[in-house]
Structure formats: structure tokens, C-alpha cells
Amino acid sequence: MSTAETTRVVTTESGRMGRVAYARIAPNEDLVQGVEKMCLAEGFRNAFVRGGLGSLVDASLGCRDGSYQQISGPAVEVVSIAGEVRSDADGVPVASLAGIVADTDGNVYGGPFLAGWNPVCMTFEVTLEEWIPESEEPA
């Protein structure tokens, strides 16, 4: 293994937690895009996903090799979810969510949720907590 393969860049950021938002993502709306819409609606530039509960029609999760795995429903249960939302240079929220899901046979899969490919089944409740970096604090 070369040095380039073993070197990791770690950054830290100071800031504070802000408001908390609880919302429901509607049926057939994409999970990732729904979280991004929540941030827009609440005015969160950055946020952490603190929890979620619900199921997806089907799930699409990324794999380490760049491929993806499709988990067929109906009603793929989200066992756990975590992630964050960061606004891009234009102020558009971009969510990075990962989780563990279970199919109807009880098989379990994990990985990052692919935006646009994870439609909510009945509903999905999610809790977001705003993150305000020190660099964005009012003077």
C-alpha cells in the first residue's frame, strides 16, 4: 500500500446546534430529496439527521466499488438512518444519508441511500437538527 492510499484528511469544525425540525415525507417522495426539501423549508443550511422511522417502496444503496444494490419491496423497512446535509456554494442543501434496511424476507442491507432512487412507501418521519458552523455565526 502506498502512502497516498493510507493518508486520510481529517478536518474539524467548531459551531453549535440550532433548531430541531420534525417532519413527515409523503408517499412516493424520494427519501434523500425529501430531507433536502425539509432543510429548504426550515432554512437549514446544514443539518444532522437525528432519527427516522418508516419504509420505502424499494431501496437503492451504494456499494464501495461504485456500483449499487437494489432492494425490492414492497415496504423495505428502514432499520436505521444517519447522515448530514450541507449546502453547496449556491446554498442548495445536499443530503448524504446512509442506513440499514430490511427486505420482506428479513434480509438486511446497508450503505448510502442514492438520491432519486428511494421512494417512501406510506410515510417517513424524520428528525433534523440544524448545525451552525462558527464561520456562519453572526458577528
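Everything numeric here is computed off the predicted structure, so don't read it as measured data.

Draft legend 1. Quick peek at the sheet that holds strand β5 (residues 76-87). Here six strands make up an open sheet; going across it, the order is β1-β8-β2-β5-β6-β7 and the pairing antiparallel. In this open sheet, the two strands that pair with only one neighbour each are β1 (15-25) and β7 (108-112). Each neighbouring strand pair of the sheet contributes to a mean axis angle of 15 degrees, computed without reference to strand direction. In this structure, β1 lies alongside strand β8 (residues 120-133), joined through nine bridges in antiparallel fashion. Bridge assignment links V20 to a residue of β8, and that residue is E129. Helix α2 (residues 31-42) rests against β1, β2 (46-56), β5, β6 (93-102) and β8 of the sheet, and its axis sits at about 140 degrees to β6.

Draft legend 2. Looking closely at the side chain of D30. Tracing the chain through its elements places D30 in the loop between β1 and α2. K37 provides the closest opposite charge to the buried, salt-bridge-free D30, at an N-O distance of 8.7 Å. A polar contact of 2.8 Å, which involves the side chain of D30, links it to the backbone nitrogen of N118. Setting aside residues no more than four positions away along its own chain, D30 makes contact with I25, L114, A115, G116, W117, N118 and P119.

Basis of the calculations
- Residues numbered from 1 in each chain as written.
- Predicted model: local features only at pLDDT ≥ 70, side-chain atom pairs only at ≥ 80, totals over all residues.
- Heavy atoms only, no water.
- Pairing = 2+ DSSP bridges.
- Helix = DSSP H or I, 4+ residues; strand = E, 2+ residues; numbered from the N terminus.
- Axes fitted to C-alpha atoms, helices over the stretch in contact; angles between N-to-C directions.
- Contact = heavy atoms within 4.5 Å.
- Buried < 20%, exposed > 50% of the residue type's maximum accessible area, 1.4 Å probe, protein only.
- Lys, Arg positive; Asp, Glu negative; His and termini not counted.
- Salt bridge = Lys/Arg side-chain N within 4 Å of Asp/Glu carboxyl O.
- Polar contact = N/O pair within 3.5 Å; in protein donor to acceptor, adjacent residues only side chain to side chain.

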